[in-house]
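Working through the structure, step by step
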Amino acid sequence: TQLLEQSPQFLSIQEGENLTVYCNSSSVFSSLQWYRQEPGEGPVLLVTVVTGGEVKKLKRLTFQFGDARKDSSLHITAAQTGDTGLYLCADANAGGTSYGKLTFGQGTILTVHP
Amino acid sequence: EAQVTQNPRYLITVTGKKLTVTCSQNMNHEYMSWYRQDPGLGLRQIYYSMNVEVTDKGDVPEGYKVSRKEKRNFPLILESPSPNQTSLYFCASSETSGWETQYFGPGTRLLVL
């Protein structure tokens, strides 16, 4: 069974600071997704990365996929209070008997203070 | 408006009393899935469905049943709920597989006494 470990579990910072959260897998990712979830709502997909070494940017968010496809990071520049939420990484398995099965990390709770 | 709807949003029940949480999507998606979310554990997949009449187990299927008789609906059935099934449940759908953007419902908060 694949295990996804996210760190840190909690992060509390001031507005304007930079931060990085990490996601590590016990096995090679098939397709790595990052989600953000706000209180009282379902997760919303931020990005999907597939290729080892891939870097994607979404405004102030930078997503990096490790060369070996077993780790990923999410970096936020100049955090804003609107970035507050739960950040989740997930692997969408493909192929074999696990096709369609998604595995999520336990999440990083980010709080950005004004 | 494209959306995934779940009902009920909140439910308090007692141990052993069968219940069904409905999930419906209006995007003609083939893939649908159920998750439960517990503090410190992230989301864990219960069951998923690649298409009508095609379902498969996720990581935590014990105590749950699903059916996919129509493309738009994917109900989650708890035949005999127990307190350890107290959780926040999310339904999600995507066009053809879990690889793509998944659209999540608003969640159903279940308390089993």
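Predicted model, so just to flag it, every value in this text is computed and none were measured.

**As for the sheet that holds strand β3 (residues 19-25) of chain B**
Residue and element names in this part refer to chain B. If you trace the four strands from one edge of the open sheet to the other, you get β1-β3-β8-β7, paired in antiparallel fashion. Of all strands in the sheet, those bounded by a partner on one side alone are β1 (4-7) and β7 (65-66). As paired strands, β1 and β3 are joined by four bridges and run antiparallel to one another. Bridge pairing links V4 to Q25 in β3.

**Looking at the interface of chain A and chain B**
Across the contact, 28 residues belong to chain A and 25 residues belong to chain B. Summed over both sides, the interface between chain A and chain B buries roughly 1800 Å², with carbon and sulfur atoms accounting for 55% of that surface. For the pair chain A and chain B, the number of links is zero salt bridges. Among the secondary structure elements, those contributing two or more residues to the side of chain A that touches chain B are β4 (32-37), β5 (44-49), β9 (85-92) and β10 (102-104) of chain A. Residues of the side of chain A that touches chain B, tallied by class, amount to eleven nonpolar, 15 polar and two charged.

**A few points about the packing of aromatic side chains**
Residue and element names in this part refer to chain B. By the definition in use, this model includes eight aromatic pairs over all chains. Measuring from ring centre to ring centre gives 5.6 Å for Y35 and F104, while their planes differ by 40°; the resulting arrangement is tilted. Placement of the pair is Y35 in strand β4 (residues 31-38) and F104 in strand β10 (residues 103-104), with a sequence separation of 69 residues. For the pair shown, Y35 and F104 are each scored as buried. A centroid spacing of 5.9 Å and a plane angle of 65° characterise the contact between Y64 and Y89, whose relative ring orientation is edge-to-face. With Y64 in the loop between β6 (54-57) and β7 and Y89 in strand β9 (residues 87-94), this residue pair connects regions lying 25 residues apart in the sequence. Per residue, the accessibility class of Y64 equals that of Y89, and both read buried.

What counts, and where the lines are drawn
- Residues numbered from 1 in each chain as written.
- Chains lettered and ligands numbered in written order.
- Predicted model: local features only at pLDDT ≥ 70, side-chain atom pairs only at ≥ 80, totals over all residues.
- Heavy atoms only, no water.
- Pairing = 2+ DSSP bridges.
- Helix = DSSP H or I, 4+ residues; strand = E, 2+ residues; numbered from the N terminus.
- Contact = heavy atoms within 4.5 Å.
- Buried area = accessible area lost by both parts, 1.4 Å probe.
- Salt bridge = Lys/Arg side-chain N within 4 Å of Asp/Glu carboxyl O.
- Nonpolar A, V, L, I, M, F, W, Y, C, P; charged D, E, K, R; others polar.
- Phe/Tyr/Trp six-rings, centres within 6.5 Å; stacked < 30°, edge-to-face > 60°.
- Buried < 20%, exposed > 50% of the residue type's maximum accessible area, 1.4 Å probe, protein only.

What is shown is where atoms sit, not what they do.
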